[in-house]
Amino acid sequence: MAPAGRGGGGRGGAGARALRWLLLGAVACARASEHFPPLSLLKPEAPAAGGCAQPGDWADQYPAECESSFLNFHESDCEPRGSPSCDSLLSLNTEKILSQAKSIAEQKRFPFATDNDSTNEELAVAYVLIGSGLYDEAIRHFSTMLQDYATAHEDFQQSLELNRNQPTAMLYKGLTFFHRGLLKEAIEAFKEALKQKVDFIDAYKSLGQAYRELGNFEAATESFQKALLLNQNHVQTLQLRGLLLYHHGSLHEALQNFKRCLQLEPYNDVCQYMKGLSHVAMGQFYEGIKAQTKVMLNDPLPGQKASPEYLKVKYLREYSRYLHAHLDTPLTEYSVDLDLPGSFKDHWAKTLPFLLEDYEEQPGLQPHIKDVLHQNFDSYNPDVQELICVADRLGSLMQYETPGFLPNKRIHRAMGLAALEVMQAVQRTWTNSKVRMSGRTRLMQWRDMFDIAVKWRRIADPDQPVLWLDQMPARSLSRGFNNHINLIRGQVINMRYLEYFEKILHFIKDRILVYHGANNPEALLEVREALEKVHKVEDLLPVMKQFNTKTKDGFTVNTKVPSLKDEGKDLDGFTITITGDKVGNILFSVETQTTEERTQLYHAEIDALYKDLTAKGKVLILSSEFGEVDAVCNLILSLVYYFYNLMPLSRGSSVIAYSVIVGALMASGKEVAGRIPKGKLVDFEAMTAPGSEAFSKIAKSWMNLKSISPSYKTLPSVSETFPTLRSIIEVLNTDSAPRCVKKL
């Protein structure tokens, strides 16, 4: 890296380079105690909870943190209750910090001082905060200074042009790509750093994370393994490999990594939380809750921000107790949505602090209810083995081939079994049989069909609150429950949705022309000409400001969903928001708002479609006419089209809806044989389609529907084979890989 030069304290000059190296020094210092990964550098904070919906709200195969810190310091060396270092930390106030920072800045008593007084003062404030142990404040301060990844990239690139052989600079060049979503470019930079330094653990670790973000499990595993061959006690790599394995559905292997992580770093919140989660997911509630309690006892120090794990763990512990108490209760006799208190569900779904008035804790673990034991695949009879193998294959067809979606074999099996159970339940409904749900026996309704899939999705990963939003407290619904996702934030591009940027851009352009045609017709031609020159979403805001004085910092565009029930009427779709700041950073986001009124309108559409579907399904049972099958297929896809646009669940709507499609189509005699095309997201296909007919046509183009295998009729009943939570956890835990490969 080139030395900090004189003058040029602007964003692209010596001041920016000095700041990067100051941060690099902080990273290296903290790395000595292994408290945070280099990938944390330059990482922006995600939206706050409440309007925060994690990516799983839209497509949930790869769960991600909703709220992550700019840097991840986990511990302070300070001990409370009278420790001198803590006393000095707590006695620091804003005036004192600024005073110290000013003195340091004037004397340039910190690394990489510049000739720009303003830059020096900003750097000095951060330096004082770090030296005082106020890491979270320092992190937030740095985050306001480091918003320009492109400039940071230029800094590292300039240095590398002067001296190519700088593995650390090459690593951080890769990180500037990584945090802009440019994963392939990041991977090339990390590989180049490894060419220059073959034993560069941080580069292997960062390479593993980049491959994980791409959804390449094998390459990520190989990179983490190479890092651990260099240092088998590398805590962050153990933590990251454990997370990779957990989200791949390899819970037992993940648990071994978290245990080793905790042997080396007993107060690591992430590893302790994930250890507890892994135990609970596998039905080992005693060890799971013990680990969760340790996270709860690790209170943040004054001045520290609570970790995401600390905020989530109380919800997980209460939910774990609830699950344990119902391990052997038939799943048809209780309902998570009805049993859990409304305020608990609302706060859990929004990742709010656990501050609930008059909350009554779930009962503690009851000794007579034993943990789930491991079930060998061979212990199941051949028919059940065949059922599991078919489910594994069906579930794999639901995988997105898009960056950010890691294949999860546990989710695959769960949703494959969900599809088979939906198939069997729908077939029974079409022959006038009743179902038992939530302690009641009745004819199946559309929500019951989706509840089958919800059940399996919940159990597969208890970390994620998969809850019906219309079952939330009335107060929460009256305010609106937002499913929100950022597509572009500053210079960070969400690569998952890149395929849809152009489609959304064309939609926005059309809406702008409609608006000006109605409200500003004399300027319509000029607006049209300006829009023809816009090829990126980022360039829309200046055009809007030019032709609409009301556009100051941004604008919104609302999509509409045409009604089938009431021809000519439209329902509210999702809202597109584009805002910008003075330096050119933009926020490009989409969200759906689940209000009571909007929910009722969508329910009316789905009710009408389900009634029609049931009637035609009963006719189909008695007839094999192609026209009947095609009509039923279109009704299934239309019904799910409205479900996708409603987004009625706090998490998991995408894979739950697709498993219902697969199951209901099998009930009609058609099997999905095709995979979802690369880059396509089924929920976004529905949300951006002009209507249900268009969505049906798009979906059928890749589904490759064929007549269902006669062998499916002889498969055991899913609901009878796995009637309890215990039996479901057992089948999700069992390893079928060697046997199922031979069977398929």
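For the structure itself, consult the block above.
Remember, predicted model here, so these are calculated numbers, not experimental data.

Undergrad: Got a sec to walk through the pattern of salt bridges? Specific residues and values, please.
TA: This model, assessed by the stated rule, comprises 21 salt bridges. With a closest N to O distance of 3.6 Å, Asp-202 and Lys-205 form a salt bridge. Of the two residues, Asp-202 and Lys-205 are both situated in helix 9 (residues 201-214); the distance of three residues between them amounts to about one turn of the helix. For Glu-361, the salt bridge goes to Arg-321, with nearest N and O atoms at 3.1 Å. Of this pair, Glu-361 sits in the loop between helix 17 (342-349) and helix 18 (382-396) while Arg-321 sits in helix 15 (residues 308-325), and the two are 40 residues apart along the sequence. With a relative accessible area of 13%, Arg-321 lands in the buried category.

Undergrad: Give a description of helix 15 that names residues and reports values.
TA: Here helix 15 is 18 residues long and its end C-alpha atoms lie 26 Å apart, about the 26 Å a rise of 1.5 Å per residue gives. The largest bend in helix 15 is about 30°, located at Lys-314.

Undergrad: Give me the pairing of strand 5 (residues 554-562): which residues, what numbers.
TA: Side chains of strand 5 alternate between two faces, with Phe-555, Val-557, Thr-559 and Val-561 buried and Gly-554, Thr-556, Asn-558, Lys-560 and Pro-562 left unburied. In this sheet, strand 6 (residues 570-580) lies alongside strand 5 in antiparallel orientation, the contact comprising eight bridges. Residue pairing in the sheet places Asn-558 in a bridge with Thr-575 of strand 6.

Undergrad: I'd like to hear about the packing of helix 7 (residues 167-178) against helix 8 (residues 183-196), residue by residue, with values.
TA: As a packed pair, helix 7 and helix 8 sit with axes 8 Å apart at the nearest point and diverge in direction by 170°. It follows that helix 7 is roughly antiparallel to helix 8 by the angle criterion. Contact residues: helix 7 offers Pro-167, Met-170, Leu-171, Gly-174, Leu-175, Phe-177 and Phe-178, while helix 8 offers Leu-183, Glu-185, Ala-186, Ala-189, Phe-190, Glu-192, Ala-193 and Gln-196. Among the residues making up the contact of helix 7 with helix 8, the classes are represented as eleven nonpolar, two polar and two charged.

Undergrad: Mind laying out the environment of His-412, listing which residues take part and the relevant values?
TA: Along the chain, the position of His-412 falls in helix 19 (residues 409-430). Setting aside anything within four residues of it in sequence, one finds His-412 in contact with Ala-391, Gly-395, Ser-396, Gln-399 and Pro-407.

Undergrad: How would you explain the nonpolar core if you had to name every residue and give the values?
TA: Core analysis: the biggest nonpolar cluster contains 148 residues, and Met-415, Leu-420, Phe-450, Trp-456, Phe-588, Tyr-658 and Phe-722 have the highest contact counts within it. The greatest single-element share of this core, amounting to 13 residues, is contributed by helix 26 (residues 626-646). Once residues lying within four places of it in the same chain are set aside, the contact partners of Leu-420 are Leu-387, Val-390, Ala-391, Leu-394, Met-666, Leu-715 and Val-718. Of all hydrophobic cores here, the second largest spans 54 residues; its members include Leu-171, Leu-245, Leu-251 and Leu-255.

Undergrad: Account for the sheet that holds strand 6, with residues named and values stated.
TA: In spatial order, the strands read 4-3-7-6-5; together these five strands make up an open sheet with antiparallel pairing. The strands lining the two open edges of the sheet, one partner per strand, are strand 4 (492-493) and strand 5. As paired strands, strand 3 (residues 481-490) and strand 4 are joined by two bridges and run antiparallel to one another. Within strand 4, the position partnered with Arg-489 by the bridge is Val-492.

Undergrad: Explain the side chain of Thr-577 residue by residue, including any values.
TA: Its location among the elements puts Thr-577 in strand 6. Overall, the relative accessible area of 16% leaves Thr-577 in the buried class.

Undergrad: Got a sec to walk through the pairing of strand 3? Specific residues and values, please.
TA: A large share of strand 3 lies buried, amounting to eight of its ten residues. Sheet topology note: the strand 3/strand 7 (residues 586-594) ladder contains nine bridges and is antiparallel. Each bridged residue has a counterpart across the sheet, and for Asn-486 the counterpart in strand 7 is Ser-589. Taking the residues that link successive antiparallel strands as the turn, the strand 3-strand 4 hairpin has one residue.

Undergrad: Got a sec to walk through the state of the cysteines? Specific residues and values, please.
TA: Evaluated as defined, the whole model comprises two disulfides. Across the disulfide from Cys-261 sits Cys-271; the S-S distance is 2.1 Å. Between Cys-261 and Cys-271, the S-S torsion sits near 95°, and that sign places the bridge as right-handed. With Cys-261 in helix 12 (residues 251-264) and Cys-271 in helix 13 (residues 269-281), this residue pair connects regions lying ten residues apart in the sequence. Residue Cys-261 shares its accessibility class with Cys-271, and that shared class is buried. With its sulfur 2.1 Å from that of its partner, Cys-389 forms a disulfide with Cys-740. One quick way to see it: the torsion about the S-S bond of Cys-389 and Cys-740 is about -90°, and its sign makes the bridge left-handed. Of the two residues, Cys-389 sits in helix 18 while Cys-740 sits in helix 32 (residues 737-743), which places them 351 residues apart along the sequence.

Reading the values: rules and limits
- Residues numbered from 1 in each chain as written.
- Predicted model: local features only at pLDDT ≥ 70, side-chain atom pairs only at ≥ 80, totals over all residues.
- Heavy atoms only, no water.
- Salt bridge = Lys/Arg side-chain N within 4 Å of Asp/Glu carboxyl O.
- Helix = DSSP H or I, 4+ residues; strand = E, 2+ residues; numbered from the N terminus.
- Buried < 20%, exposed > 50% of the residue type's maximum accessible area, 1.4 Å probe, protein only.
- Expected span 1.5 Å × (residues − 1).
- Bend = angle between axes of the 7 residues up to and from the residue.
- Pairing = 2+ DSSP bridges.
- Axes fitted to C-alpha atoms, helices over the stretch in contact; angles between N-to-C directions.
- Parallel < 35°, antiparallel > 145°, perpendicular 65-115°, else oblique.
- Contact = heavy atoms within 4.5 Å.
- Nonpolar A, V, L, I, M, F, W, Y, C, P; charged D, E, K, R; others polar.
- Core = buried A, V, L, I, M, F, W, Y, C linked by side-chain atoms within 4.5 Å.
- Disulfide = S-S within 2.5 Å.

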